[in-house]
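Notes for the structure review
Chain residues, written in single-letter form:
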Amino acid sequence: MPAVTHDEWLRRAKAFQLSGAHHVDGADEPGSGATFPVVSPRDGRIIAEVADAGAAEVDAAVAAARRAFDTGPWPRLAPAERGRALLRLADLLDERREELALTVSLEMGKPITDAHGIELRAVISTFRWYGQLADKLTDESPHTAPDALALVTREAAGVVGAVVPWNFPLTLAGWKIAPALAAGCTVVLKPSEHSPLSALLLGRLATEAGLPPGVLNVVNGDGPTAGRALGLHHDVDVLAFTGSTAVGRHFLRYAADSNLKRVWLELGGKSPNIVLPDAPDLDQAAATAAWGIFFNQGEMCTAPSRLLVHASIAERVTEAVVRRARELRVGDPLDPATEMGALAGRAHLDRVHDHVRRGVDEGARLRTGGERVLAETGGTYLEPTVFDQVGPGSRLAREEIFGPVLSVLAFDDLDEAVRLANATEYGLAAGLWTSDLSTAHQVSRRLRAGTVWVNCYEEGDLTVPFGGMKQSGNGRDKSAHALEKYTELKTTWIQL
């Protein structure tokens, strides 16, 4: 990241101004005039008033996307032209990287170093990757009898409704928007009401990059109103959602109650991170476990929130994690030296803190953390928190906390480790630390998770798919497989 000082970020934050209008059909739209405040978790201050969509605003955005798909140029462009538009958007995101990073940091509390170096890097890479992929896809022509020709083609599915959360507001939007646009779809994006500003800026930059009006629309609003209207809309062909399992169920019901649109869900997680005695480097395993649960304030669906450690090394590994937790610098997200910022709002802080209190009540041992800090700032901060002696059936071990709270469980043998790892309704991700190649393969196969990291955590790139099993959802983001969500297969049989 450029050498922008804390003082300079503070100066920019003081001067921060961004329009809160919806972005529909290539232009900013104020909507009905109803607004809601965006409150920064770093200090509790209102940083913007944002237009609040009701059913009418959602209907206007969907109508714009429908026109752009049915009669506009976007689905009919050569794939290479769509790819070039996505590459121009990636370049604009890169040019405005510092402004976007500041916006993300202010609206959801992410440390500015992570917002600039990780969040923006990810979303820029996503649009570049799909821009480069757009003209490299192929259809099929199966072998048939000599008197016929069969074609199997992938066609753009239509209007896509994308509903994304606040924890990675640009990255997760990009994972849905970029492949949908590359396939020739048009999109209505509804960001979280906690982080709408970065999404609005993304929408304006897409128009600046030359995407035709109506191809990418952004509407603000809450889930029960704007999200529901999008889910029930008969002109939305595909709904892609990242968020909680409870809300994912609502979108499935909306589809059933409307036009049976396809619904793709990336939902919650309670990911296990298994450390065996033969791990190649126990110190590295402990350091990675600490990084994984405290990165992004623990507000991550793949967070390794259950550390499963063999009993023979449990104390050594736990103590190393506790030391790292106590060293971690919690502070102002705009300070480049901050390692853990603010949790995303007062209500969320209260929920996470309630999990901590219940953990103590259930008999788990609180090794460090668990207290609110920096209350004088007006922000929503919590200490990095580690529990051990956690019961497998406890809420700490079963429920997604979505905060910087680690549960340590000890096991005696590999079969017990696998049972503990799979003893959850979720199946998003898992980690495994071992030096034995056979163990790595065998245990990875037994873990019910969409991604298994061996001797690492949160590694990978856009070439590999991402998504979950069980109640962590369906379908896949990232990679060429993501295009399967936004295309329909058509068979054309020609009798010669």
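The shown structure was predicted, so the numbers you read here are calculated from the model rather than taken from an experiment.

Turning our attention to the overall build of the protein chain. Each helix and strand in the protein chain was counted, giving 15 helices and 22 strands. Taken over the C-alpha trace, the protein chain has a radius of gyration of 23 Å; the compact-globule value for 496 residues is 23 Å, and the two agree within 12%. Here the protein chain holds 496 residues, and 57% of them are scored as buried. Counting only carbon and sulfur atoms, one obtains 51% of the accessible surface of the protein chain, whose full area is about 19400 Å².

As enumerated under the stated definition, the model contains eight aromatic pairs in all. Between Arg12 and the ring centre of Trp9, over which it is positioned, the NZ or CZ distance is 5.0 Å. Positioned over the ring face of Phe168 is Lys110, at 3.9 Å from the centre of the ring.

Residue position: Thr171 is located in helix H6 (residues 171-183). You can call Thr171 buried: its relative accessible area is 6%.

Per the counting criterion, the structure on display carries 36 salt bridges. A salt bridge links Asp70 to Arg66; the shortest N-O distance between them is 3.2 Å. A residue pair is termed a helical-turn pair when its members lie 3 or 4 positions apart in one helix, as Asp70 and Arg66 do in helix H2 (residues 55-70) at four residues. In this structure, Arg324 engages Glu339 in a salt bridge whose closest nitrogen and oxygen atoms are separated by 2.5 Å.

On to the UniProt feature "active site" (unreviewed entry) in the protein chain. Mapped onto the present numbering, the UniProt feature "active site" (unreviewed entry) falls on Glu266. In this structure, Glu266 sits in strand S10 (residues 262-266). Discounting chain neighbours no more than four positions away, the residues touching Glu266 are Phe241, Thr242, Gly243, Cys301, Leu428, Phe466, Ser472 and Asp477.

Judged by side-chain polarity, Leu149, Ile494 and Leu496 come together as a nonpolar surface patch covering roughly 260 Å² of accessible area. The partly exposed category is assigned to Ile494, whose relative accessible area is 33%.

Here the structure, examined in full by the defined rule, presents zero disulfides. Here Cys301 is not disulfide-linked; the sulfur of Cys456 is the nearest cysteine sulfur, at 17 Å.

Further remarks concern helix H11 (residues 314-327). Two residues of an α-helix separated by three or four positions point the same way, owing to the 3.6 residues in each turn. For H11, spanning 14 residues, the distance from its first C-alpha to its last is 20 Å, which sits close to the expected 20 Å at 1.5 Å a residue. Among all positions of H11, only Ala314, Val317, Thr318, Ala320, Val321, Val322 and Ala325 are buried. Those residues of H11 that are buried lie in contact with helix H10 (282-294), strand S12 (306-310), strand S13 (365-368), strand S16 (385-388) and strand S17 (405-411).

Rules used throughout
Within every chain, residues take consecutive numbers counted from 1 along the sequence as written. Local features in this predicted model are restricted to residues of pLDDT 70 or higher, and side-chain atom pairs are both shown and tallied only at a pLDDT of 80 or more, whereas totals for entire chains, interfaces and linings draw on every residue. Excluding hydrogens and water, the side-chain figures rest on all heavy atoms present in the structure. Note on conventions: DSSP H or I runs of at least 4 residues are helices, E runs of at least 2 residues are strands, and numbering of each starts at the N terminus. C-alpha atoms define the radius of gyration, and 2.2 Å times the number of residues to the power 0.38 defines the globule rule. Note on classification: 1.4 Å probe, protein chains only; a residue is buried when its accessible area is under 20% of the maximum for its type, exposed when over 50%, partly exposed between these limits. All accessible areas in this document rest on Shrake-Rupley with a 1.4 Å probe, and a residue is counted as covered only by the protein chains that are shown. Only the six-membered ring of Trp is used, alongside the rings of Phe and Tyr, when aromatic pairs are assigned; centres must lie within 6.5 Å, and planes under 30 degrees apart are stacked while those over 60 apart are edge-to-face, with the rest tilted. By definition here, charges over rings are those cases where NZ of Lys or CZ of Arg is within 6 Å of the ring centre and within 35 degrees of the ring normal. For salt bridges, the criterion is a side-chain nitrogen of Lys or Arg within 4 Å of an Asp or Glu carboxyl oxygen. UniProt positions are given in the numbering used here, feature names are shortened, and annotations may be inferred rather than shown by experiment. Should any heavy atoms of two residues lie within 4.5 Å, those residues are counted as being in contact. Like charges within 9 Å and nonpolar side chains (Val, Leu, Ile, Met, Phe, Trp, Tyr) within 5 Å are joined into patches, using only residues over 30% in relative accessible area that form no salt bridge. What counts as a disulfide here is a pair of cysteine sulfur atoms lying within 2.5 Å. Given the number of residues in a helix, its expected span is that number minus one, multiplied by 1.5 Å.

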